[in-house]
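Chain and residue survey
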Amino acid sequence: MSTLDGMQLRIKHTTGYHYENGAAASFNEARMTPATTSEQYVLRSRMEISPSPWTYEYRDYWGTTVTAFEVHDPHDDLAVVATTTVETQPSASDVVHIAWEDLAAVADQHCEYLTTSQWVAPADSLVAELDTLRSAADTPAAYATAAMSMVHARIQYLPGTTEVTTTAADAWEAGSGVCQDIAHLTLGALRHAGIPARYVSGYLHPSSEPVIGESVEGESHAWIEYWDGEWVGFDPTNEVAQSPRHVVVARGRDYADNPPLRGIYSTSGRSELFVEVEITRLR
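Cut-offs used in this document
- Residues numbered from 1 in each chain as written.
- Predicted model: local features only at pLDDT ≥ 70, side-chain atom pairs only at ≥ 80, totals over all residues.
- Heavy atoms only, no water.
- Helix = DSSP H or I, 4+ residues; strand = E, 2+ residues; numbered from the N terminus.
- Rg over C-alpha atoms; globule rule 2.2 N^0.38 Å.
- Contact = heavy atoms within 4.5 Å.
- Areas by Shrake-Rupley, 256 points an atom, 1.4 Å probe, with all protein chains shown as cover.
- Lys, Arg positive; Asp, Glu negative; His and termini not counted.
- Charge placed at Lys NZ, Arg CZ, Asp CG, Glu CD.
- Pairing = 2+ DSSP bridges.
- Axes fitted to C-alpha atoms, helices over the stretch in contact; angles between N-to-C directions.
- Core = buried A, V, L, I, M, F, W, Y, C linked by side-chain atoms within 4.5 Å.
- Buried < 20%, exposed > 50% of the residue type's maximum accessible area, 1.4 Å probe, protein only.
- Left-handed = near helix turned anticlockwise from the far one by under 90°.
- Nonpolar A, V, L, I, M, F, W, Y, C, P; charged D, E, K, R; others polar.
- Salt bridge = Lys/Arg side-chain N within 4 Å of Asp/Glu carboxyl O.

Time to look at the overall build of the chain. Counting secondary structure elements, the chain contains four helices and 16 strands. Against the 2.2 N^0.38 benchmark of 19 Å for 283 residues, the chain shows a C-alpha radius of gyration of 19 Å, consistent with a compact globule. Seen along its three principal axes, the alpha-carbon backbone of the chain occupies a region of about 60 × 45 × 35 Å. Counting contacts in the chain only where the partners sit at least 6 residues apart, residues at least 24 apart contribute 76% of the total. Per element, the accessible surface of the chain, about 13,100 Å² overall, is 49% carbon and sulfur. Across the chain, 17 positive and 39 negative side-chain charges occur, with their mean positions spaced 5 Å apart.

What follows covers the sheet that holds strand β5 (residues 65-71). Taken in spatial order, the four strands of this open sheet run β4-β5-β2-β15, and their pairing is antiparallel. Edge positions in the open sheet fall to β4 (54-59) and β15 (261-266), since each of these has one partner strand only. Ignoring which end each strand starts from, the neighbouring axes of this sheet average 10° apart. The sheet contact formed by strand β2 (residues 25-30) and β5 spans five bridges and is antiparallel. Note that in β5 the partner of S26 across the bridge is V71.

Okay, the nonpolar core next. With 38 residues, the main nonpolar core has W100, Y143, L185, L190, I195, I224 and Y226 as its most contacted residues. Among the secondary structure elements, those contributing two or more residues to this core are α1 (124-136), α2 (140-154), α3 (168-174), α4 (179-192), β9 (197-204), β11 (219-227) and β12 (231-235). The dominant element in this core, judged by the number of residues it contributes, is α4, at seven residues. What L185 contacts, discounting residues up to four positions off in sequence, is L126, V151, I155, A168, A171 and W172. If you look at the next biggest cluster of nonpolar residues, it comprises 23 residues, including I49, F69, V80 and L261.

Two numbers describe how α2 lies on α4: the axes approach to 10 Å, and their chain directions differ by 145°. Our pair here, α2 against α4, has a crossing hand that is right-handed. Of α4, the residues touching α2 (which contributes Y143, A144, A147, M148 and V151) are I182, L185, T186, A189 and L190. Residues of the contact of α2 with α4, tallied by class, amount to nine nonpolar, one polar and no charged.

With that out of the way, let us pick up the pattern of salt bridges. Enumeration according to the criterion identifies nine salt bridges in this entry. As a salt-bridge pair, R154 and E129 come within 2.9 Å of each other at their nearest N and O atoms. Highlighted residues: R154 in helix α2 and E129 in helix α1, separated in sequence by 25 residues. Taking relative accessible area as the criterion, R154 reaches 41% and is therefore assigned partly exposed. A relative accessible area of 26% means that E129 is categorised as partly exposed. Of the charged contacts, one joins E225 and R251 as a salt bridge, the two residues approaching to 2.9 Å between their closest N and O atoms.

The next subject is the pairing of strand β1 (residues 7-23). On a regular strand, one side chain projects to one face of the sheet and the next to the other, so that they alternate. Across the 17 residues that make up β1, a large majority, twelve, are buried. Where β1 and strand β6 (residues 75-88) come together, 13 bridges link them in antiparallel fashion. The residue of β6 that forms the bridge with H18 is D77. Pairing of β1 with strand β16 (residues 271-281), which is carried by eleven bridges, proceeds in the antiparallel orientation. The residue bridging T14 from the neighbouring strand is E276, located in β16.

As structure tokens, this is what we get:
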């Protein structure tokens, strides 16, 4: 079966913190449960947290499933394991491209996806190049394709060169970054031209043709969706359209709206984050 026909994936996402001097208590939010959308359906999902906490599940403003939890007992480590089985399908390929003038009709509706926060604002040295692309593009889709291709060509995917606080402008000047940075750069480029665009976080199976039954080291990943009469998913890091290998967990304006694990804790020492993602194609 080709990945173009869709697939069933099991994702095991393990993350948490090791506290150097232990933590007296911690209060956290986990966004690690994939969404059910028109392209994917969650068959089963569970989250295991150690030490055992008080938990509460809700959907946030952006529609993401959030598990809020509190640990009130002293602990040296915090571990969160989210295991999900999800079926994914290819996105519709018959998008009818809109014209530039059509964007005015959705500017109010999608205003939050047009803001250029510090995360996504283009560097001054990039703005002139984006304006040139805009002048040459007959449609928003043509501009989006050109802008995403430019970002992919100019930014080297290089883990370890940026931090979670790195902005799009920082990554552009450095000429390197990770998927979060490349997604932020792309969002800034699209919003600069008045195209609504949103940040997507989730998982990516690393193989273009995943083998059934084989468990592999996967990735927490970030890509984008932009408005072209409907939301169109694109992975600028790999310069490919969103596919059945992509599993959506959360959407928002930028990374700050949907980190996988966020919280506060009480400790006298440092903490160390650990992350591991295992993906298995089941069929």
